[in-house]
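Here is how the chains run, residue by residue.
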Amino acid sequence: EVQLVESGGGLAQPGRSLRLSCAASGFTFDEHAMHWVRQAPGKGLEWVSGISWNSDNTGYADSVKGRFTISRDNAKNSLHLQMTSLRAEDTALYFCVKDTCSGWSGDCYPAMFDYWGQGTLVTVSS
Amino acid sequence: QSVLTQPPSASGTPGQRVTISCSGSSSNFGSNTVNWYQLLPGTAPRLLIYSNNQRPSGVPDRFSGSKSGTSASLAISGLQSEDEADYYCAAWDDSLNASWVFGGGTKLTVL
């Protein structure tokens, strides 16, 4: 059974940093791209970042580019999101998501996010 | 404002058939497939439809998807109370800032 368990969320002041983690199990982690998707309170889903199976390629939404860094540790089946210079608009539930492809940019068929975690809540407030 | 456009709400009575639309553009729907996700409060989002009209194992055949040109739709037949949820369409977007994009979501209410 595929399991994705996020951790690391919490309350942070504007301008500060947080590091999210995702523990993956139930599939061959180093064969799949992974993503972070977020949902702000009362808002829709927003793709945040993606990383290829071997970390060679990464992508970011414009809203977080230059502030967030995605990484993975295939030896530990874990995914991370380092968030810096946090803003109030980063307040959201952050989901760890598995891709069916090895690359993060929809470069296989069928490309989809087939498993999601339950999310970890990040609140940015003074 | 979301790249993909969905109606904010939809509703139906038990047993009824409802459809949810999703409008895109040539940079996303033009050459890429559409996926649909179901969000229930307190649970992990669930893949409902992939590649425009394919159902993952475990998804009831009451759920179906279609795509034509730059529009897609999700249909739910034999509506059940447990279908009350938020539904999102998604696709890869090939524009200058290539990324995955989502619709704004549709809240389905079962009356």
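Before reading further, recall that the structure is shown in the block above.
Scope of this entry: the structure provided in the associated data block. (Residues numbered from 1 in each chain as written. Chains lettered and ligands numbered in written order. Predicted model: local features only at pLDDT ≥ 70, side-chain atom pairs only at ≥ 80, totals over all residues. Heavy atoms only, no water.)

1. A few points about the overall build of chain A
Now for step 1: The number of helices and strands found in chain A is 0 helices and 11 strands.
Now for step 2: Shown N-terminal to C-terminal, the secondary structure of chain A runs as helices and strands in the order β-β-β-β-β-β-β-β-β-β-β.
Now for step 3: Dimensions of chain A along its principal axes, counting C-alpha atoms only, are 40 × 25 × 25 Å.
Now for step 4: For chain A, the residues scored as buried account for 48% of the 126 residues in total.
Now for step 5: Surface summary for chain A: the accessible area is close to 5600 Å², and the carbon and sulfur share equals 46%.
Now for step 6: Between the mean site of the 10 positive side-chain charges and the mean site of the 13 negative ones, chain A shows a separation of 10 Å. (Helix = DSSP H or I, 4+ residues; strand = E, 2+ residues; numbered from the N terminus. Buried < 20%, exposed > 50% of the residue type's maximum accessible area, 1.4 Å probe, protein only. Areas by Shrake-Rupley, 256 points an atom, 1.4 Å probe, with all protein chains shown as cover. Lys, Arg positive; Asp, Glu negative; His and termini not counted. Charge placed at Lys NZ, Arg CZ, Asp CG, Glu CD.)

2. A word on the sheet that holds strand β1 (residues 3-7) of chain A
Residues and elements named next belong to chain A.
Now for step 1: The sheet built from 4 strands is open, its strands ordered β1-β3-β8-β7 with antiparallel pairing. Lying at the two open borders of the sheet, with one neighbouring strand each, are β1 and β7 (68-73). The average undirected angle you get between the axes of adjacent strands in this sheet is 15°.
Now for step 2: Pairing between strand β3 (residues 18-25) and strand β8 (residues 78-83): 6 bridges, direction antiparallel. Considered in β8, the bridge of serine 21 is made with histidine 80. (Pairing = 2+ DSSP bridges. Axes fitted to C-alpha atoms, helices over the stretch in contact; angles between N-to-C directions.)

3. A word on the environment of serine 77 of chain B
Residue and element names in this part refer to chain B.
Now for step 1: On the secondary structure map, serine 77 appears in the loop between β6 (71-76) and β7 (85-93).
Now for step 2: Between the C-alpha atoms of serine 77 and alanine 90, which are 13 residues apart in sequence, the distance is 21 Å.
Now for step 3: Ignoring anything within four residues of it in the chain, the contact list for serine 77 reads Gln16, Arg17 and Arg62. (Contact = heavy atoms within 4.5 Å.)

4. A few points about the interface of chain A and chain B
Now for step 1: Residue-level contacts link 23 residues of chain A with 19 residues of chain B.
Now for step 2: Of the roughly 1700 Å² buried between chain A and chain B on both sides combined, carbon and sulfur atoms contribute 67%.
Now for step 3: The three residues of chain A that bury the most area against chain B are Leu45, Phe113 and Trp116 of chain A, which together make up 32% of that side's buried surface.
Now for step 4: Taken together, the links from chain A to chain B amount to 0 salt bridges.
Now for step 5: Joining chain A to chain B, the criterion identifies 5 residue pairs in polar contact (both at pLDDT 80 or more).
Now for step 6: Mapped by element, the contributors of at least two residues to the side of chain A that touches chain B are β4 (34-39), β5 (45-51), β9 (92-99) and β10 (113-116) of chain A.
Now for step 7: A class-by-class count of the residues in the side of chain A that touches chain B yields 11 nonpolar, 7 polar and 5 charged. (Buried area = accessible area lost by both parts, 1.4 Å probe. Salt bridge = Lys/Arg side-chain N within 4 Å of Asp/Glu carboxyl O. Polar contact = N/O pair within 3.5 Å; in protein donor to acceptor, adjacent residues only side chain to side chain. Nonpolar A, V, L, I, M, F, W, Y, C, P; charged D, E, K, R; others polar.)

5. Overview of the packing of aromatic side chains
Now for step 1: Applying the stated rule across the entire model yields 12 aromatic pairs over all chains.
Now for step 2: Centre to centre, the rings of tryptophan 116 of chain A and phenylalanine 102 of chain B are 6.4 Å apart; their planes meet at 65°, and the pair counts as edge-to-face. Highlighted residues: tryptophan 116 of chain A in strand β10 and phenylalanine 102 of chain B in strand β8 (residues 99-102), drawn from two different chains.
Now for step 3: Phenylalanine 102 of chain B gets classed as buried once you look at its relative accessible area, which sits at 4%.
Now for step 4: Through pairs of rings, three or more aromatic residues link up here, namely Trp47, Phe95, Trp104, Phe113 and Trp116 of chain A together with Tyr37, Trp92, Trp100 and Phe102 of chain B.
Now for step 5: For the cation-ring pair, lysine 98 of chain A lies above phenylalanine 27 of chain A, with the distance from its terminal atom to the ring centre recorded as 5.4 Å. (Phe/Tyr/Trp six-rings, centres within 6.5 Å; stacked < 30°, edge-to-face > 60°. Lys NZ or Arg CZ within 6 Å of the ring centre and 35° of its normal.)

6. Digging into the state of the cysteines
All names here are of chain A.
Now for step 1: Enumeration according to the criterion identifies 3 disulfides over all chains in this entry.
Now for step 2: Disulfide pairing places cysteine 101 opposite cysteine 108 at an S-S distance of 2.0 Å. Given an S-S torsion of about -80°, the disulfide between cysteine 101 and cysteine 108 has left-handed geometry.
Now for step 3: A relative accessible area of 1% means that cysteine 101 is categorised as buried. (Disulfide = S-S within 2.5 Å.)

7. A look at the environment of valine 122 of chain A
Residues and elements named next belong to chain A.
Now for step 1: Checked against the element boundaries, valine 122 lands in strand β11 (residues 120-124).
Now for step 2: With a relative accessible area of 0%, valine 122 lands in the buried category.
Now for step 3: Residues valine 122 and glycine 9 lie 113 residues apart in sequence; the distance between their C-alpha atoms is 4.8 Å.

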